[in-house]
Amino acid sequence: MTRPYGLLRAGFPFAKTLGMRRLTNFPIDIALGPEGRMYILCRQDGAALVRKYHVDDEDQGNWGEMGEEEGKLQWPVAIIADAEEIIFISDERLHRISSFDPDGEFISCWGEQGSGEGQLDGPSGITFDLDGNILVVDTMNHRVQKFTRDGEFISTFGSFGSGPGEFNMPWGITVDELGEIYVVDWRNDRVQKFDTNGEFVFEFGRSGDGDGEFNRPTDVAVDLDGDIYVTDRGNNRVQMFNSEPRYVQKFLGEATLSSVGRDYMMTNASPNRLRDMAVLEPQKLLRQPKGVVIDEEGRLFITDTGSYRVQVYQKEVIHLTSQQLAPPMRNVTLHQE
């Protein structure tokens, strides 16, 4: 797949809000299926569930049960879905990866606690590579491991530290359409990129709250244009970078009431009175966002974890040819002398 020569960034407007309190409590990650279907992983003390949802803000029920037995969840972190909508979920407390069908029927699980090859200690982010294998962020072992879908160990890369290719409690992970790997290095406040073999390519980010800086980032996504999205949880935002990577813009939150939220409010007088008394501007902002994913249509989904909802944005971009984009400028300016 070839990326465009250049981009005319026409905008990235807010599109809609999905979910509400009591329905999508503490959403932390999203897996996308075909035809607008999605699986929202929710986690809080005493509950861990998957909410089946649709991009049209249609709730389709939920599944998931707390416990240590096979088929149950304790402290899930990340969720992914393959082309057949087989769901895989990492569990940092049980040190394993579990798989389910789209209706929540348990299929299998694998993983055991330890630091040897193929063992896990607090697994967090998971993603598929281009061959359908599963990359697992082995957080407390400060590495990334590759497994078959059945849990057979293939390879590993990374070790503890702050140098290139090293990690300090890595968290989120994704693979772009070229097969290259992006890992959120949580305690080092950066993102690192690796080639398909796990060889270091580049890093970006440092601790802080300025543009391009992070405060405990948690997740990363890459779209088909090569743009990179990082959930900057401690700064309550998502930052966007181009493929260089150069900072482009940030998302702070523009939430409205979801359609299910409006239906709820229309039958509950007391919440309407409380909302009428509130200052509404802070209500739209992101609070401790944790997960981010973007689909092939350019819809960006952010789990607004602290506000029990998902915020959705729509990328507007025009692909440019070499005749439509001037060569790089020595000094960046919007006007000519």
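For clarity, every value in this text was computed on a predicted model and none was experimentally measured.

S.K.: Is there a simple way to explain the environment of cysteine 42 in this structure?
M.R.: Structurally, cysteine 42 is set in strand E4 (residues 37–44). Judged by relative accessible area, which is 4%, cysteine 42 ranks as buried. For the pair cysteine 42 and proline 76, spaced 34 residues apart in sequence, the C-alpha separation works out to 8.4 Å. Apart from the residues lying within four places of it in its own chain, the contact partners of cysteine 42 are Thr24, Asn25, Phe26, Pro27, Ala47, Ala48 and Leu49.

S.K.: Looking at this model, I keep getting lost on the environment of histidine 142. Mind explaining?
M.R.: Position of histidine 142 relative to the elements: it lies in the loop between strand E12 (134–138) and strand E13 (143–147). Overall, the relative accessible area of 13% leaves histidine 142 in the buried class. Sequence spacing of histidine 142 and aspartate 223 is 81 residues, and the spatial spacing of their C-alpha atoms is 26 Å. Discounting chain neighbours no more than four positions away, the residues touching histidine 142 are Gly158, Ser159, Phe160, Phe167, Asn168, Met169 and Pro170.

S.K.: Explanation requested: the sheet that holds E12 in the structure shown.
M.R.: Within a sheet, each strand pairs with its neighbour through backbone hydrogen bonds, oriented either parallel or antiparallel. Taking strand neighbours across the sheet as the criterion, the four strands line up as E11-E12-E13-E14 in an open arrangement whose pairing is antiparallel. At either margin of the open sheet sits one strand with a lone partner, and together these are strand E11 (123–128) and strand E14 (153–157). Between one strand axis and the next, the sheet turns through 20 degrees on average, direction left out of account. Examined bridge by bridge, E12 and E13 share five bridges and lie antiparallel to one another.

Reading the values: rules and limits
Residues numbered from 1 in each chain as written. Predicted model: local features only at pLDDT ≥ 70, side-chain atom pairs only at ≥ 80, totals over all residues. Heavy atoms only, no water. Helix = DSSP H or I, 4+ residues; strand = E, 2+ residues; numbered from the N terminus. Buried < 20%, exposed > 50% of the residue type's maximum accessible area, 1.4 Å probe, protein only. Contact = heavy atoms within 4.5 Å. Pairing = 2+ DSSP bridges. Axes fitted to C-alpha atoms, helices over the stretch in contact; angles between N-to-C directions.

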